[in-house]
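Inside the fold
The primary structure of each chain is shown beneath.
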Amino acid sequence: MAGDDGTALGRVLRKAGGPAVLDLLGRRLGGADLTTLLLEVFRLRAGRLTPADVFRRYLDDRFTAPADVPFHRLRRAEDLLLSAIPSEFEPVTLSPVAPLGTHSVVGTVAQTKVVSTVRGSEVAADATNGLALEAAARRRIALERDSRSAEVVRLAAIQRVVRGQRFTGAARFAHFSLLALVTAGRDTGDLAFERRHAAEHLRLMTDALRRAGASRVRIKLTLLDPRFAPVAAAVRASVPDAEVLDDPERAAGRGYYTGLCFKVLASRAGEPMEFGDGGFVTWTQRLLGSRKERLITSGIGVDRVALALA
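Residues numbered from 1 in each chain as written. Predicted model: local features only at pLDDT ≥ 70, side-chain atom pairs only at ≥ 80, totals over all residues. Heavy atoms only, no water.

What about the pairing of strand β4 (residues 153-162)?
Put simply, the rule is: Only protein chains enter the area calculation, which uses a 1.4 Å probe; residues under 20% of their type maximum are buried, those over 50% are exposed, and those in between are partly exposed. Here a strand is any run of E in DSSP of at least two residues, a helix any run of H or I of at least four, and the numbering for each starts at the N terminus. Note on pairing: DSSP must find at least two bridges between two strands before they are called paired.
The element β4 is extensively covered by neighbouring structure, given that eight of its ten residues are classed as buried. Both strand β1 (residues 90-91) and β4 contribute to a ladder of two bridges, which runs parallel. Paired with P91 across the strands is A156, a residue of β4.

Considering the packing of aromatic side chains
Here is the rule: Aromatic rings from Phe, Tyr and Trp, with only the six-membered ring used for Trp, were paired whenever their centres fell within 6.5 Å, and each pair was classed as stacked if the ring planes differed by under 30 degrees, edge-to-face if by over 60, and tilted otherwise.
For the structure on display, the rule yields three aromatic pairs. Taking 4.9 Å as the distance between ring centres and 85° as the angle between the ring planes, the aromatic pair formed by Y256 and Y257 counts as edge-to-face. For the residue pair Y256 and Y257, the accessibility class agrees, reading buried in each case. Measuring from ring centre to ring centre gives 5.6 Å for Y256 and W283, while their planes differ by 85°; the resulting arrangement is edge-to-face.

Observations regarding the packing of helix α8 (residues 192-211) against helix α9 (residues 229-238)
Short version of the rule: Axis definition: a line fitted to C-alpha atoms, limited for helices to the stretch in contact. Angles are taken between N-to-C directions and run from 0 to 180 degrees. An angle below 35 degrees is treated as roughly parallel, one above 145 as roughly antiparallel, one from 65 to 115 as roughly perpendicular, and anything else as oblique. By definition, any crossing whose near helix is turned counterclockwise from its far helix by less than a right angle is left-handed, and any crossing with a clockwise turn is right-handed. Residues are treated as being in contact if the distance between any of their heavy atoms lies within 4.5 Å. In this classification, the charged set is Asp, Glu, Lys and Arg, the nonpolar set is Ala, Val, Leu, Ile, Met, Phe, Trp, Tyr, Cys and Pro, and all remaining amino acids, among them Gly, are polar.
Two elements in contact, α8 and α9, have axes separated by 8 Å at closest approach and are oriented at 40°. Relative to α9, α8 is oriented oblique. For the pair α8 and α9, the sense of crossing is right-handed. Of α9, the residues touching α8 (which contributes E194, R195, A198, A199, L202 and R203) are P230, V231, A234, V235 and S238. Looking at the contact of α8 with α9 residue by residue, the class counts come to seven nonpolar, one polar and three charged.

Okay, here's the thing in structure tokens:
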């Protein structure tokens, strides 16, 4: 049981009265009651702070510092990327917060990598998750009109997101902007949805990176299911101006994506750098309770584009 070991959590639980505290807060208190308690806890903690404390935290906290990328470069990168979005994709202005569990329950990302709030929500860590919720809501409306509706929902957004884990290396930030795309629909047989929309997403991503200044674009495809070989073939046929490579050794994304996933790299000069990622996920299947639902997501790191290309 938590609290019986030498971890930081164990130390805190022993100080707070034992593992029963964790059970009370994590399981037995209702959501509204927990929010009431935590709001009072943070009211008390904030009441003890001085302006100097707030300023010190601003200077030291990696989550609160301004972006490293100059504003005008970031805005230019956004405009260049958005210019590649076709009219079929509806731009959406997402909220900066999502329901608690959006990333871990729906998207299988560890909750410790997400900045949770005291009000039963969490700060957006990936714009595709928020778009998936909206796409599911729109698909539900279509299914209420026609239980076999194959209506396609295409959404796009640029959102500033926050990741809880620490990153190392160049162009890795605590908060950054993502251009996110999702396409939701229904299985119509013969992998028709998958073939059409994987090709559409990768054509769009290739075009976006070229508009942002890339002279060379490389796509790495990973087949997670051999039945998706026709989808990979459709991608190869649809992006003749990009180099398409097989990436069977990819480890990241297994268990997150299904069927097929991809990475998109680009360069203006020198070695290609990773700018985008995407693939098929089962999120709308779980949100809507139907294995016939289909969803593909993709994203491009805007800050990376601003620094390296735009």
